Amino acid sequence: MPGDYDGDGKTDLAVWRPSDGKWWIINSSTGQSWNVAWGWSNDIPVPGDYDGDGKTDIALYRPADGSWKGLYSSNWNWWSIAWGNPGDVPVPGDYDGDGKTDLAVWRPSSGMWYVNNSTTGQSSSTQYGLQGDVPVPGDYNGDGLTDLAVWRPSTGNWYVYTTPQAWSGIQWGFPTDVPVVKGSAANVSRPGPRLAHKFAPHLHFDSAAPNFPMG
Ligand SMILES: [Ca+2]
Ligand SMILES: [Ca+2]
Ligand SMILES: [Ca+2]
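Residues numbered from 1 in each chain as written. Chains lettered and ligands numbered in written order. Predicted model: local features only at pLDDT ≥ 70, side-chain atom pairs only at ≥ 80, totals over all residues.

Right, let's get into unusual backbone geometry. Peptide bonds are, in most cases, trans, and in most cases residues other than glycine have a negative phi. The phi angle at Trp76 is positive, at roughly 60°, despite the residue not being glycine. Turning to its location among the elements, Trp76 is positioned in the loop between strand 6 (67–71) and strand 7 (78–82). (Helix = DSSP H or I, 4+ residues; strand = E, 2+ residues; numbered from the N terminus.)

The following block contains the structure:
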């Protein structure tokens, strides 16, 4: 779950362990590791900067009830907001460009995006994408706002909905590929056999120089 948890501008190594819900993070600024238990085994990690202080916040999405639960990095207060229905895919991003991550879900059955804008508190919904697509939100045009986007495995086409209204369809990839996007939250949360949260690497944080035996 890479992110900038200490806010020094460098991405920190981080993993979330579904078996015990613990987040293990190494701060790039100090090299020190720390952990916090936050989440249950079936949750989906959705780290982001929800309070806009420049540091990544620990957060998870609970598919069973569509709730988001996080810890603000600025004061370590916890929060819980219902946003989404069972079956939705969490697609957090800064859709309104205010520097705070917005809660958002993509509904595979309808291709609808439901975004809870952090600036106004207003929600917006947009249909973009089809059943079978993979949501791949990101800031594709560099205007500071996260853009709605989907990748279509059947054709390898990317569709990006850039504001105010431009459409593109670019073929890049094959059906068995996995799309890779910055932050990769949407990618990781993709429902499917390849990303069923079975990675669970065994990390040893018992020394200053942890080793990473994978598997
Ligand atoms: Ca933060
Ligand atoms: Ca925002
Ligand atoms: Ca953008």
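Counting residues in hydrophobic clusters, the biggest one holds 32 residues, and the most contacted among them are Trp23, Val46, Ala59, Val91, Ala104, Trp113 and Ala149. Of all the elements in the fold, those that place two or more residues in this core are strand 1 (13–17), strand 2 (22–26), strand 5 (58–62), strand 9 (103–107), strand 10 (112–116), strand 13 (148–152) and strand 14 (157–162). (Core = buried A, V, L, I, M, F, W, Y, C linked by C-beta atoms within 7 Å. Buried ≥ 20, exposed ≤ 12 C-beta atoms within 10 Å, placed from the backbone.)

On the basis of which strands lie adjacent, the open sheet formed by four strands has the order 4-5-6-7 and antiparallel pairing. Looking along the sheet, the strands with just one partner apiece sit at the ends: strand 4 (44–45) and strand 7. Relative to strand 7, strand 6 runs antiparallel, the two being bridged by five bridges. Residue pairing across strands places Lys69 opposite Ser80, the latter belonging to strand 7. (Pairing = 2+ DSSP bridges.)

What follows covers the pairing of strand 11 (residues 123–127). In this structure, strand 10 lies alongside strand 11, joined through five bridges in antiparallel fashion. Paired with Trp113 across the bridge in strand 11 is Thr126. Between strand 10 and strand 11, which pair antiparallel one after the other, the connecting turn spans six residues, and Gly121 there sits at a positive phi close to 75°.

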